[in-house]
Amino acid sequence: MRFEHLIEINAPATAVGAMAPLFTREQLWHGLMQRVQTPQRFPMGPERCEWRETEPGVYKREVYFGPHVLHDEVETTPMQRLQFTPEAHGDTTPVRLTITVEEPTAGRMVLRFVYEALGEPSAEEAYYAEYRHNAWLHNDRDMVRTLRQWLNEEGL
């Protein structure tokens, strides 16, 4: 199972008309690192997250959703890519998320989100795949909306 989508971050022509602030790459990266270090600040985020940097750019995390604790590792390539690799949890096939910052033309940035199953999904997981894809897309749009709000309010 693989699911991929793009979310446009900077579209200079439309941003002027919509009064949407343009991100610098540094601001966008700072916001993305908030998803690693303080995911509880985002809509539908966990209650808390504990992390430690095990080597430069590599984070081991424990993410708390009520009584459920998820463990993952996040590898970062500064200003370019985040890769969230979860440990197996229960009967569910782990799904790796890679977020890549792309700049097809100067000043125009997009985020590429790629979700990949780390094993063969069960029949039930396959049945619900479209629902999961929609939930991931909605969550990623919420994340970008939150980053825009932070940029407006705090300068990120």
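Presented here is a report on the structure given in the accompanying data block.

Cut-offs and rules
- Residues numbered from 1 in each chain as written.
- Predicted model: local features only at pLDDT ≥ 70, side-chain atom pairs only at ≥ 80, totals over all residues.
- Heavy atoms only, no water.
- Patch = residues over 30% accessible without salt bridge, like charges linked within 9 Å, V, L, I, M, F, W, Y side chains within 5 Å.
- Areas by Shrake-Rupley, 256 points an atom, 1.4 Å probe, with all protein chains shown as cover.
- Salt bridge = Lys/Arg side-chain N within 4 Å of Asp/Glu carboxyl O.
- Helix = DSSP H or I, 4+ residues; strand = E, 2+ residues; numbered from the N terminus.
- Buried < 20%, exposed > 50% of the residue type's maximum accessible area, 1.4 Å probe, protein only.
- Pairing = 2+ DSSP bridges.
- Polar contact = N/O pair within 3.5 Å; in protein donor to acceptor, adjacent residues only side chain to side chain.
- Contact = heavy atoms within 4.5 Å.

### Concerning a nonpolar patch on the surface
Where nonpolar side chains cluster on the molecular surface, the patch consists of Tyr 127, Tyr 128 and Tyr 131 and spans about 410 Å² of accessible area. Its location among the elements puts Tyr 127 in helix 3 (residues 123-127).

### What to know about the environment of Glu 124
Secondary-structure assignment places Glu 124 in helix 3. The exposed category is assigned to Glu 124, whose relative accessible area is 57%. The spatial distance from the C-alpha of Glu 124 to the C-alpha of His 71 is 23 Å, given a sequence separation of 53 residues.

### Some words on the pairing of strand 4 (residues 68-77)
Each regular strand carries side chains that alternate between the two faces of the sheet. Across eight bridges, the pairing between strand 3 (residues 58-65) and strand 4 is antiparallel. Across the sheet, residue Val 63 finds its bridge partner in strand 4, namely Leu 70. For strand 4 and strand 5 (residues 81-86), the ladder comprises six bridges, and the chain directions are antiparallel. Note that in strand 5 the partner of Asp 72 across the bridge is Pro 86. Hairpin connection from strand 4 to strand 5: three residues lie between these consecutive antiparallel strands, with Met 79 at a positive phi of about 70°.

### Quick word on the side chain of Arg 35
Relative to the helices and strands, Arg 35 is located in helix 2 (residues 25-37). Of note is the side chain of Arg 35, whose polar atom sits 3.2 Å from the side chain of Asp 140. In this structure, Arg 35 is in contact with Phe 42, Arg 61, Phe 84, Leu 97, Ile 99, Phe 113, Tyr 115, Asn 139, Asp 140 and Met 143, ignoring residues within four places of it in sequence.

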